[in-house]
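# Coordinate inspection notes
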Amino acid sequence: MIRKTKTVFTTSYRHMLMGGLSLSLPLLTGGCSLFHKSSPAVPQSVQNSDDVYQAAGSSPDWHLTLSGNTLTFNRQGAPTQIKTLTEDESDAAHRTYLTKKMKVDVTPKTCTNSTTGQTYSETVTVKTPQGTYHGCGGDPARAAIINGTSWVVTALNGTPVTAGNDRPSLTDATTDMAPDVQQTPTLNINATGDVSGSDGCNRYSGGMTVRPEGRIIHQQSGMNTLMACSGAIMQRADIFNGLLRAATSWQASGSTLTLKTDDDRTIQLRQIL
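In what follows, the accompanying structure is described. (Residues numbered from 1 in each chain as written. Predicted model: local features only at pLDDT ≥ 70, side-chain atom pairs only at ≥ 80, totals over all residues. Heavy atoms only, no water.)

## With respect to the overall build of the chain
The cut-off we apply is this: In this description a helix means any DSSP run of H or I spanning at least four residues, a strand means any run of E spanning at least two, and both kinds are numbered starting from the N terminus. Any residue under 20% of the maximum accessible area for its type is buried, any over 50% is exposed, and the rest in between are partly exposed; the area is computed with a 1.4 Å probe on protein chains only. Only heavy atoms matter for contacts: two residues are in contact if any of them lie within 4.5 Å across the pair. To measure how exposed things are, a 1.4 Å probe is used in the Shrake-Rupley method; for residues, cover is taken only from the protein chains shown.
Broken down by element type, the chain carries one helix and 21 strands. In the chain, which comprises 273 residues, the proportion classed as buried is 42%. The contacts in the chain between residues at least 6 apart in sequence include a share of 49% that link residues at least 24 apart. Surface exposure of the chain reaches about 14000 Å², of which carbon and sulfur atoms provide 53%.

## Things to note about unusual backbone geometry
If you check the backbone angles, N157 has positive phi at about 50° while not being a glycine. Locating N157 in the fold gives a position in the loop between strand 12 (149–156) and strand 13 (159–160). If you check the backbone angles, D264 has positive phi at about 70° while not being a glycine. Looking at where D264 falls in the secondary structure, it is placed in the loop between strand 20 (256–261) and strand 21 (266–271).

## What to know about the pairing of strand 14 (residues 186–189)
Note the cut-off: When DSSP finds two or more bridges between two strands, those strands count as paired.
Along strand 14, one buried face is formed by T186 and N188 and the opposite face, lined by L187 and I189, is buried too. In terms of strand pairing, strand 12 meets strand 14 through four bridges, oriented antiparallel. Bridging across to strand 14, W151 finds its partner in L187. As defined by bridge partners, strand 14 adjoins strand 15 (residues 194–198) across two bridges and the pair is classed as antiparallel. In the strand pairing of strand 15, I189 is matched with V195. Where strand 14 folds back onto strand 15 in an antiparallel hairpin, the turn is made up of four residues, including G193, whose phi is positive at roughly 95°.

Quick look at the structure:
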């Protein structure tokens, strides 16, 4: 077999099954799926059966592996295709692997699995005579750990909440009604991701769970106290509660947490514990 290689690398991809998943399990149903690697490389440097480069996607479900000079492509409802690599190219923008009647492009652009919300470092496209298939690849982005933390609101849909921007104090971490955050909405996340806190007037608990992959899950059950507050405080509490009930995802960076709705409205918070 004669191969034309435009770029040669010396390191290799390693087969890593994340989160206990195996290739025999059903593939995810979102727009992107898993693609595992341990270090940048091209598959011609893969020399043994333990070194394999994998990709998968959906709509329809598909799975691809590159091992040595062999590319294997499985598509739901179609026979397995086993191809020999004829050429590979690599530059800073992307990697391309060619076989007879098949092209695989790997681009260092983040790709989010629409089912799990997990983000991966690469986007993968497979082109065949039967169609073009898209998936995610590279290393999964590590989710921030926010279980067991407490937060105070600093902005509601872009409008600053003054007390929430006060400097932290020793009382910040002891109670939702500490002097420098009094009447400011708060958010506490317990060890299992369940949420409670104050809307600035009443206490709330249950009804909402944050997931490590960045999703927010809402349940029917939840409890709220029913105290009456002044007009301005109640108005802010109503805005906070409306945003909180509509939030579907979260992102954390350092001491800042952002909850986001599907229509891009936000709650911004500062960590106090």
